[in-house]
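# Structural characterization, general
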Amino acid sequence: MLVVVSWLLFRLLAGRAAWRISLVGGFVGGLAVLLASSLNAVALVLGGQEDWRIIAGVELLAHLPLAALEGFIVGITVGYLAKVKPDMLPLAKPDTMPR
């Protein structure tokens, strides 16, 4: 489900410019980590007999820097792909990418 949401967001938000594709790729990469962490926190809170709310909150806070790092790495990678091999991306067209 997270893969489908990330793919749809990338398709909807990314334009043809390499910087915009890189920015949206980074946003989607960070969002995927935050969504996975949120689902984990919901499972902790709703799934057990003990009170896991404090641990779920700590888990969410611990994943914030990881989401930022993931977004940065994915943004750089997607931007590189947009410049070097744009046919690998769903929106980039080789004739519209700057060299």
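Residues numbered from 1 in each chain as written. Predicted model: local features only at pLDDT ≥ 70, side-chain atom pairs only at ≥ 80, totals over all residues. Heavy atoms only, no water.

## A closer look at the overall build of the protein
Filter applied, for reference: Where helices and strands are cited, they refer to DSSP runs of H or I of at least four residues and of E of at least two residues respectively, numbered from the N terminus. For every residue, the accessible area (1.4 Å probe, protein chains only) is compared with the maximum for its type, and the residue is labelled buried under 20%, exposed over 50%, or partly exposed between those bounds. Note on contacts: a residue pair qualifies if any of its non-hydrogen atoms lie within 4.5 Å across the two residues. Calculation of accessible area relied on Shrake-Rupley with a 1.4 Å probe; when residues are assessed, cover is drawn exclusively from the protein chains displayed.
From N to C terminus, the protein includes three helices and zero strands. With 99 residues in all, the protein has 28% of them scored as buried. Partitioning the contacts of the protein with sequence separation of at least 6, the portion at a separation of at least 24 is 58%. Total accessible area computed for the protein in this model is approximately 6,700 Å², and 72% of it derives from carbon and sulfur atoms.

## Re the pattern of salt bridges
To keep it simple, the criterion reads: Take a side-chain nitrogen of Lys or Arg and a carboxyl oxygen of Asp or Glu: if they are within 4 Å of each other, that pair is a salt bridge.
Counting across every chain of the model gives two salt bridges. Here R53 ties to D51 by a salt bridge, and the two come within 2.9 Å at their closest N and O atoms. One salt bridge connects D87 with K85, and the closest N-O pair in it is separated by 3.9 Å. Residue K85 is classed as partly exposed on the basis of its relative accessible area, which comes to 39%.

## A look at the packing of helix α2 (residues 18-47) against helix α3 (residues 53-84)
The following threshold applies: Axis lines are fitted to C-alpha atoms, over the contacting stretch for helices. Their N-to-C directions set the angle, which ranges from 0 to 180 degrees. The scheme is simple: roughly parallel for angles under 35 degrees, roughly antiparallel for over 145, roughly perpendicular for 65 to 115, oblique for anything else. Handedness of a crossing is defined here by the sense of rotation of the near helix relative to the far one, left-handed for an anticlockwise turn of less than a right angle and right-handed for a clockwise turn. Each residue receives one of three labels: charged for Asp, Glu, Lys and Arg, nonpolar for Ala, Val, Leu, Ile, Met, Phe, Trp, Tyr, Cys and Pro, and polar for the others, Gly being one of them.
One way to put it is that α2 packs onto α3 with a least axis distance of 6 Å and a crossing angle of 155°. Taken together, α2 and α3 sit at an angle that is classed as roughly antiparallel. Pair α2 / α3 crosses with right-handed handedness. Along the lines of polarity and charge, the residues of the contact of α2 with α3 split into 17 nonpolar, twelve polar and four charged.

## Some remarks on a nonpolar patch on the surface
Applied cut-off: Like charges are joined within 9 Å and nonpolar side chains (Val, Leu, Ile, Met, Phe, Trp, Tyr) within 5 Å, but only among residues with over 30% relative accessible area and no salt bridge; these make up the patches.
The grouping of L69, F72, I73 and I76 at the surface amounts to a nonpolar patch, some 400 Å² of accessible area in total. The topology assignment puts L69 in helix α3.

## Examining α3
Threshold: Under the convention used throughout, the expected extent of a helix is 1.5 Å for every residue step, that is, one less than its residue count. One axis is fitted to the seven residues ending at the residue and one to the seven starting there. The bend at that residue is the angle between these axes.
Across its 32 residues, α3 extends 45 Å between first and last C-alpha, which sits within 8% of the 46 Å expected from 1.5 Å per residue. The largest bend along α3 measures about 30° and falls at L64, with the proline P65 one to four residues further on. Those residues of α3 that sit buried are A56, E59, A67, G71, G75, V78, G79 and A82.

## Here's the deal with the side chain of S37
The condition that has to hold: Counting of polar contacts relies on pairs of N or O atoms within 3.5 Å, with two restrictions inside protein: one atom must be capable of donating a hydrogen and the other of accepting it, and residues adjacent in sequence are counted only when both atoms are side-chain atoms.
Inspection of the secondary structure puts S37 in helix α2. In this structure the side chain of S37 is engaged in a polar contact, spanning 2.9 Å, whose partner is the side chain of E59. The residues contacting S37, other than those within four sequence positions of it, are E59, L60 and H63.

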